[in-house]
Every structure is written in structure tokens, then in C-alpha cells.
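One letter stands for each residue in the lines below.
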Amino acid sequence: MKSKTQAKPRLAVFKFASCDGCQLSLLDAEDELLALAGAVEIAYFPEASSRMLKGPYDIGLVEGSITTHHDAERIQQVRRQCRVLVTIGACATAGGIQALRNWQDVGEMARVVYATPSYLSTVKLSTPIAEHVPVDFELRGCPINKAQLLELLCALLAGRKPSIPTHSVCMECKRRGTVCVMVARGLPCLGPATQAGCGALCPAYARGCYGCFGPMETPNTASLSERYRSLGRASPDIVRAFRGFNAWAWQFRQASEEAEHP
Ligand code: SF4
Ligand code: SF4
């Protein structure tokens, strides 16, 4: 007979190439974390506990991108162990800031940065998890919004669709009554192409969005690039705007490459 503890859904949290910030967002949930720990068995979470139980797991959260041959094999094992696989954050969903190397010679970068580059074992590209295995849900952000993570976990436990917005940051500006920085101040802002989730934080402090939540569901990046040009921004500025934390998300990647080779 199963004990009450064993009957709880088993949660596992895995890390690949990343800064750990999205895992910290889960630990930062504080009060809710106790309730979560009551609802699931935290079976594998090396960032938080030395108690690491073997799979299978009901829910796997994956932070980080794939940057080594070893990790490309490990994500296949992780996928086999998890009934539901969720990627969390810009690294896992879009390759992360480390994907900026995807347009460079990674060997040359290693030679410049490391005293003994031969110690490194890496692949040419930093790629999102979904380029390697099927993913059930992608939660965006750099880092993720902890309220969105809790909503996602609650939805998975309840067997319902998560209520995570796919519209743009502009909608959040309108909701909180923030005057548009692009219209009123002529500042470039990636908000029209970026997925909501931060509460339009940057425009609320009179600066443009730089896209840390990644592309919204249907971004019109061509139109936004034109708007940047009308504000006096040249092609290199547009390339830089789209090549941030989510540079390898295909919508931003395409926009940056179109700006680079118009
Ligand atoms: S400030 Fe940026 S995010 Fe806000 S409404 Fe204007 S363009 Fe959209
Ligand atoms: S960069 Fe954009 S998505 Fe990120 S916190 Fe600022 S407004 Fe929000």
C-alpha cells in the first residue's frame, strides 16, 4: 500500500546551461513554497536539497540551454523520466544570453576567454530544450515570473489549462495606465513584440522594454523594426535590440538577421 507521501505527484527540477535565476524564482516563492511542498513530493531539486530521488517524475522543470554533447544526451534521459516536461526561462526556451555565440566562432571566443580552452567541451550552438526533445509547456522570462510558475504548477496538478498570457507587454502598459514610452518619448521599445509577464516593468520606469520575456505569440517584428528605423535607429541597433536574452527564439532571430542583411 502506498503511503500518503508516495501518492503525491513527484516534482523534479533540472539545470542545464544557465545562471540558476529561474530555479531561485521557485525558491523565492516563500509562503507558497510550503503549500507546494505539501501538494507535491519534491523528488529531485539539487539546487535546494541534497535528497535526490530517482525517477520517474510526474512533472519535470528544466532550466538552461543545451551547450555540450553531454547535455544533449542528458536531456534525452530527463525527457524519458518525466511525464510532463516544462521548460522555464529564456535559456531553456530560447537558448539564453549564451546563444549570442551562435553568430560567432565559439572556438575563437574560448581562446580569448580561457587560459586553457582545450579543457572545454562544447558545441557550436546554444539551443533551447525544444530543439532536442518534445516539451509540454514553455514558461518565458529572464527570470521567470514566480506567480506564473505557481499558476502553471497549480494548473498541472489540477489537470486544467494554465492561465498564462500570450499577448504583448503593451497590454500590460495599458492595464497599469503607463504612458507609452515609444509614442510619448520616442524611445525604442520591444514591448509590442514581447510576451507579457513582468507587468510592463521597464516602461513604468520610463525606459523601453528589451524583450526579456521573449517573443509573444504572434509578434509583428517587421513592423516594429520599421518603427525603430522611423525613430532614427540604424540596422546595427535593431540587430542588438533583438539579440538579447532571447536571441535564438526564431521570431527574434529572424528579425535580427533581416536587419543585419536587409
Ligand atoms: S511603452 Fe512599450 S510596451 Fe508600453 S505600450 Fe509603449 S510600446 Fe508597448
Ligand atoms: S525588458 Fe520588457 S519584458 Fe523584461 S522586465 Fe522590462 S518590460 Fe518586462
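What counts and how
- Residues numbered from 1 in each chain as written.
- Chains lettered and ligands numbered in written order.
- Predicted model: local features only at pLDDT ≥ 70, side-chain atom pairs only at ≥ 80, totals over all residues.
- Heavy atoms only, no water.
- Helix = DSSP H or I, 4+ residues; strand = E, 2+ residues; numbered from the N terminus.
- Near = heavy atom within 4 Å.
- Nonpolar A, V, L, I, M, F, W, Y, C, P; charged D, E, K, R; others polar.
- Contact = heavy atoms within 4.5 Å.
- Axes fitted to C-alpha atoms, helices over the stretch in contact; angles between N-to-C directions.
- Parallel < 35°, antiparallel > 145°, perpendicular 65-115°, else oblique.
- Left-handed = near helix turned anticlockwise from the far one by under 90°.
- Domains from an automatic or database assignment.
- Buried area = accessible area lost by both parts, 1.4 Å probe.
- Patch = residues over 30% accessible without salt bridge, like charges linked within 9 Å, V, L, I, M, F, W, Y side chains within 5 Å.
- Areas by Shrake-Rupley, 256 points an atom, 1.4 Å probe, with all protein chains shown as cover.
- Salt bridge = Lys/Arg side-chain N within 4 Å of Asp/Glu carboxyl O.
- Pairing = 2+ DSSP bridges.
- Buried < 20%, exposed > 50% of the residue type's maximum accessible area, 1.4 Å probe, protein only.

1. Thoughts on unusual backbone geometry
1) Next: Residue Pro56 is bonded to the preceding Gly55 through a cis peptide linkage, with omega at 5°.
2) Next: Secondary-structure assignment places Pro56 in the loop between strand E2 (41-44) and strand E3 (57-63).
3) Next: With an omega of 0°, the peptide bond between Cys142 and Pro143 qualifies as cis.
4) Next: Structurally, Pro143 can be placed in the loop between strand E5 (137-139) and helix H7 (146-158).

2. Some remarks on the site of ligand 1
1) Next: Lining the immediate surroundings of ligand 1 are Val169, Cys170, Cys173, Lys174, Cys180, Val181, Met182, Cys189, Gly191, Pro192 and Pro203.
2) Next: Here the shell around ligand 1 takes four residues from helix H8 (residues 169-176), the largest share from any one element.
3) Next: Across the shell around ligand 1, the residue classes break down as nine nonpolar, one polar and one charged.

3. Quick look at the site of ligand 2
1) Next: Close contacts around ligand 2 come from Thr194, Cys198, Cys202, Pro203, Cys209, Tyr210, Gly211, Cys212 and Phe213, and that covers them all.
2) Next: Looking at the shell around ligand 2 residue by residue, the class counts come to seven nonpolar, two polar and no charged.

4. With respect to the side chain of Gln148
1) Next: Take Gln148: it is sitting in helix H7.
2) Next: With sequence-adjacent residues up to four places away left out, Gln148 is seen in contact with Leu139, Arg140, Ile164, Pro165, Ala196, Gly197 and Phe213.

5. Observations regarding the packing of helix H12 (residues 235-242) against helix H13 (residues 250-260)
1) Next: Interaxial distance between H12 and H13 falls to 8 Å at its minimum, and their mutual angle equals 165°. As the angle between them shows, H12 and H13 are arranged roughly antiparallel. Of the two elements, H12 crosses H13, and the hand of that crossing is left-handed. Residue-level contacts link Ser235, Ile238, Val239 and Phe242 of H12 to Phe252, Ala255, Ser256, Ala259 and Glu260 of H13.
2) Next: The class makeup of the residues in the contact of H12 with H13 is six nonpolar, two polar and one charged.

6. Observations regarding the domain arrangement of the protein
1) Next: Taken domain by domain, the protein holds domain 1 (10-158) and domain 2 (169-260).
2) Next: Each partner contributes to the interface: domain 1 provides 20 residues, whereas domain 2 provides 17 residues.
3) Next: Summed over both partners, the interface of domain 1 with domain 2 comes to about 1,400 Å²; 59% of that surface belongs to carbon and sulfur atoms.
4) Next: The largest share of the area that domain 1 buries against domain 2 comes from Trp103, Arg140 and Cys142, three residues that together contribute 44% of it.

7. Concerning a nonpolar patch on the surface
1) Next: A contiguous nonpolar surface patch, about 410 Å² in accessible area, is contributed by Val112, Val113, Tyr114 and Leu120.
2) Next: One can find Val113 in helix H6 (residues 106-113).

8. Quick word on the sheet that holds E5
1) Next: Pairing is parallel across the open sheet formed by five strands, whose spatial order is E2-E1-E3-E4-E5. Strands at the two margins of the open sheet, each flanked by one partner only, are E2 and E5. Put simply, the sheet's adjacent strands are angled 30° from each other on average, direction ignored.
2) Next: Across three bridges, the pairing between strand E4 (residues 82-88) and E5 is parallel. What sits directly across from Val86, in E5, is Phe137.
3) Next: On top of the sheet, H7 reaches strand E1 (10-15), E3, E4 and E5; it is set at about 160° to E3, its chief contact.

9. Topic: the pattern of salt bridges
1) Next: Tallied over the entire structure, the rule returns 12 salt bridges.
2) Next: In this structure, the salt-bridge partner of Glu260 is Arg243, at a minimum N-O distance of 2.9 Å. In this pair, Glu260 sits in helix H13 while Arg243 sits in the loop between H12 and H13, placing the two residues 17 residues apart along the sequence.
3) Next: With relative accessibility at 13%, the residue Arg243 sits in the buried group.

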